[in-house]
Amino acid sequence: MLRLGSMKIITWMLFFPLMITGISCTSNHPGDQNVTSHFEYLIDSSQEIPFDQIQKETAWNQISTPHLSFNFSNDVIWLRAKSNENVFSKDRILSLEWKALDSAILYYPLNQKEFQIFNTGDTTPKSKWAFPEALYPSFKIPIKSSGSYFYIKIHSKSLISFPIRSIDQKSLNKRMILETAITWLILGVCAVMIIFSLFYYFAFGLSEFFFYAGYVVCTVLWYNVQYGNAY
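Residues numbered from 1 in each chain as written. Predicted model: local features only at pLDDT ≥ 70, side-chain atom pairs only at ≥ 80, totals over all residues. Heavy atoms only, no water.

S.K.: Please provide a residue-by-residue account of the packing of aromatic side chains, values included.
M.R.: On inspection of all chains with the given rule, the structure shows 19 aromatic pairs. With a centroid separation of 5.3 Å and an interplanar angle of 80 degrees, the aromatic rings of phenylalanine 51 and tyrosine 151 are classed as edge-to-face. Here phenylalanine 51, found in helix α2 (residues 51–56), pairs with tyrosine 151, found in strand β9 (residues 149–155); they are 100 residues apart in sequence, far enough to count as distant. In terms of burial, phenylalanine 51 and tyrosine 151 fall into one category: buried. When the centroid spacing of 5.8 Å and the interplanar angle of 75 degrees are considered together, the rings of phenylalanine 210 and phenylalanine 211 count as edge-to-face. Owing to a relative accessible area of 42%, phenylalanine 210 belongs among the partly exposed residues under this scheme. The exposure class assigned to phenylalanine 211 is exposed, which follows from its relative accessible area of 58%. Following the ring pairs from residue to residue traces out a cluster consisting of Phe51, Trp60, Trp78, Tyr107, Phe115 and Tyr151. Against the face of tyrosine 149 rests arginine 80, its NZ or CZ located 4.0 Å from the ring centre. When the ring centre of tyrosine 136 is taken as origin, the NZ or CZ atom of lysine 99, which lies over that ring, is 5.5 Å away. (Phe/Tyr/Trp six-rings, centres within 6.5 Å; stacked < 30°, edge-to-face > 60°. Helix = DSSP H or I, 4+ residues; strand = E, 2+ residues; numbered from the N terminus. Buried < 20%, exposed > 50% of the residue type's maximum accessible area, 1.4 Å probe, protein only. Lys NZ or Arg CZ within 6 Å of the ring centre and 35° of its normal.)

Here it is as structure tokens:
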């Protein structure tokens, strides 16, 4: 019992700085804005409506929440927003805040009739993402458009409930540094827990510490798969 109590104290000592870091990392910097409510949506249950027809559709619904709320769905979700809004200005990054997103395609207007297409998501190799430097599936606004709509097509077997953020390059760099640091901190804490567990197992022959080490390994694997860090 004493050994188990010591293990719990060590675990809390390791996780406390991580909790403080997570609480303190919330930012309201104007370069990082939630823009989900700037979009309208259309649901394609047939998964077959071509983009030309989507442009003619009039049954669009305004998103009133700070995040998409489609849960798990086999439907194709179409989003559109006005490209002349300041939050969608040239060189800003649209971040779809879900690492396990299967596929997202951006149709961005070059003129009234011509659209440029960008792909991202888990089904696309990251080297071929529209913006491969980002931690989340993202798009970089290529040009300043003249007021027409741009469209995003989302199709994913994973959860489709996440916010969309508009980020400038400076804010993106800060987020990448912070999130990478937190990810490695989590992995570091788990590595220490595994080492301590195996030490107690080999030193005292207590099988519960061996199973605890296995539990931590499974938790690390689940975290990395669930949040898109690994297959």
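S.K.: Which residues make up the nonpolar core, and what are the values?
M.R.: With 27 residues, the main nonpolar core has Phe39 and Ile154 as its most contacted residues. Residue assignment for this core shows that the elements contributing at least two residues are β4 (76–82), β5 (93–96), β6 (103–109) and β9. Leaving out residues up to four positions away in the same chain, phenylalanine 39 has contacts with Asn61, Gln62, Ile63, Leu79, Arg80, Ala81, Phe88, Leu94, Phe150, Ile152 and Ile164. In terms of nonpolar packing, the next biggest core, distinct from the first, is built from 10 residues, Leu42, Phe51, Phe115 and Tyr151 among them. (Core = buried A, V, L, I, M, F, W, Y, C linked by side-chain atoms within 4.5 Å. Contact = heavy atoms within 4.5 Å.)

S.K.: Which residues make up the pairing of β6, and what values go with them?
M.R.: Counting buried positions along β6 gives 7 out of 7 residues, so the element sits mostly inside the fold. Side chains Ser103, Ile105, Tyr107 and Pro109 project from β6 onto one buried face, and the interleaved Ala104, Leu106 and Tyr108 project onto a second face that is buried too. In this structure, β6 lies alongside β9, joined through 5 bridges in antiparallel fashion. Note that in β9 the partner of serine 103 across the bridge is histidine 155. As judged from the 6 bridges shared by β6 and strand β7 (residues 115–120), these two strands associate in the antiparallel manner. Looking at the pairing, alanine 104 lines up with threonine 120 of β7. What sits between the antiparallel neighbours β6 and β7 is a turn of 5 residues. (Pairing = 2+ DSSP bridges.)

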